[in-house]
Amino acid sequence: ANAFELPSVAVDSGRIAGDERRRALPLIADGTRVGTVMVSADIDEASLEALEHRVVPALETLLGAARRRDQLEAQLIETETLRRANVVKTTLLRSVSHDLRSPLTAIATAGGGLQSRTLSDEQRRELASVVIAESARLERLVRNLLDLSRLQAGGADPRADWCSIEELVQAAVDSIPARLGTFDIELDPDLPLLRADAAQLERALANVLENAARFAGTEPVSVRGRIVGQDLLLRIRDRGPGVRGEDLERIFEPFYRTGKNHDGSGLGLAIARGFVEVNGGSIRAESVAGQGTCFVLRFEAPANSLAEEPAAR
């Protein structure tokens, strides 16, 4: 505008038509309309010719280069997304193939053994218990895979309602096989209700508790809950070997294993973090070598949660 002594000039990336007040000069790059230069309708012919022959081609070159750059960036992003998807798929197949094969092999072997007519009642009961235990293990793996896929696809929207942390902890403990260990639970009285999806938090707590129990050995897993400021804090501690500092974040990645836990699928903690975070909380791990690991779950505790609890019908 200054160079051609015009009252105003506008450059728009859209397809705009001229009118009685403004003249529209189309910008074409690679055969495609990429924008419009808008000038006053009463522009003199000399300035209009200069714009059409000097300014418009330069703008078309710039916009064409910008479009090609955007296309290249989009292609790079798509390529990187596909590459990561292939990495995840490969990791999934490698990690899950063994975890699926093991219980299926055990079930098939035990099922075949049950067909034998020479088994004693005790042997038959042992094989039946193998089928039941391995079926439960397989069911947990499939459930974890479905939970992880929903979280990664953004399809795990919580159905929030008032829920009791005491009831969630107890339900989570009850869902864990007794063979994994025991739990020492101490929750402060009158903890406020949380506004969250009870099923998702129960799954998250069960995964963290089960992980702790696998490393706790003969010691019980400690579960402590209290209010700190405006937050409800839940600490789940085991007395196992601990986690190296560089692994404290990586243990929440899908399929990551520390190398000592051969029983798990490497999905439990990733799912726990996903469910905790979609419900507005946070989870982190603290550890000292040789002294165990502590998982700290933090939720905002509404001060008026008890007052807002819906009346019983």
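Keep in mind that this is a model prediction, so the values were computed, not measured. (Residues numbered from 1 in each chain as written. Predicted model: local features only at pLDDT ≥ 70, side-chain atom pairs only at ≥ 80, totals over all residues. Heavy atoms only, no water.)

## Let's talk about the overall build of the chain
Here is step 1: Helix and strand counts for the chain stand at five helices and ten strands.
Here is step 2: Sequence-distant contacts, at least 24 apart, represent 66% of the contacts inside the chain between residues at least 6 apart.
Here is step 3: A total of about 18,600 Å² of accessible surface is found on the chain, and carbon and sulfur atoms cover 52% of it. (Helix = DSSP H or I, 4+ residues; strand = E, 2+ residues; numbered from the N terminus. Contact = heavy atoms within 4.5 Å. Areas by Shrake-Rupley, 256 points an atom, 1.4 Å probe, with all protein chains shown as cover.)

## Things to note about the packing of aromatic side chains
Here is step 1: If you walk through the whole model with that rule in mind, you get one aromatic pair.
Here is step 2: Note that Arg195 overlies the ring of Trp162, its terminal NZ or CZ placed 5.5 Å from the centroid.
Here is step 3: Across from the ring centre of Phe252, 4.1 Å away, lies the NZ or CZ of Arg273, which sits over that ring. (Phe/Tyr/Trp six-rings, centres within 6.5 Å; stacked < 30°, edge-to-face > 60°. Lys NZ or Arg CZ within 6 Å of the ring centre and 35° of its normal.)

## Overview of the sheet that holds strand E7 (residues 221-228)
Here is step 1: The strand order across the open sheet formed by five strands is E5-E7-E8-E10-E9, and the pairing between neighbours is mixed. Each edge of the sheet is formed by a strand with only one pairing partner; in this case those strands are strand E5 (183-187) and strand E9 (282-287). Averaged over all adjacent pairs, the angle separating strand axes in this sheet is 15°, with direction ignored.
Here is step 2: Across five bridges, E5 lies against E7 in parallel orientation. Bridging across to E7, Ile185 finds its partner in Val223.
Here is step 3: Packing of helix H3 (residues 165-174) onto the sheet brings it into contact with E5, E7 and strand E8 (231-237), and relative to E5 it is tilted by some 175°.
Here is step 4: Helix H4 (residues 198-216) rests against E5, E7, E8, E9 and strand E10 (293-300) of the sheet, and its axis sits at about 30° to E8. (Pairing = 2+ DSSP bridges. Axes fitted to C-alpha atoms, helices over the stretch in contact; angles between N-to-C directions.)

## Considering the pairing of E10
Here is step 1: With respect to burial, E10 is a largely interior element, six of its eight residues being buried.
Here is step 2: Examined bridge by bridge, E8 and E10 share seven bridges and lie antiparallel to one another. Across the sheet, Arg235 pairs through a bridge with Val296, a residue of E10.
Here is step 3: The sheet contact formed by E9 and E10 spans six bridges and is antiparallel. Its bridge partner being in E10, Glu286 is matched across the sheet by Cys294. (Buried < 20%, exposed > 50% of the residue type's maximum accessible area, 1.4 Å probe, protein only.)

## Some points on the packing of helix H2 (residues 121-152) against H4
Here is step 1: Between H2 and H4, the shortest axis-to-axis distance is 13 Å and the interhelical angle comes to 125°. On the basis of the axis angle, H2 is oblique to H4. In this structure, the crossing between H2 and H4 has a hand that is left-handed. Counting all contacts with H2, which are made through Arg140, Arg143, Asn144 and Asp147, the residues of H4 involved are Arg203, Asn207 and Glu210.
Here is step 2: Among the residues forming the contact of H2 with H4, the class breakdown is no nonpolar, two polar and five charged. (Parallel < 35°, antiparallel > 145°, perpendicular 65-115°, else oblique. Left-handed = near helix turned anticlockwise from the far one by under 90°. Nonpolar A, V, L, I, M, F, W, Y, C, P; charged D, E, K, R; others polar.)

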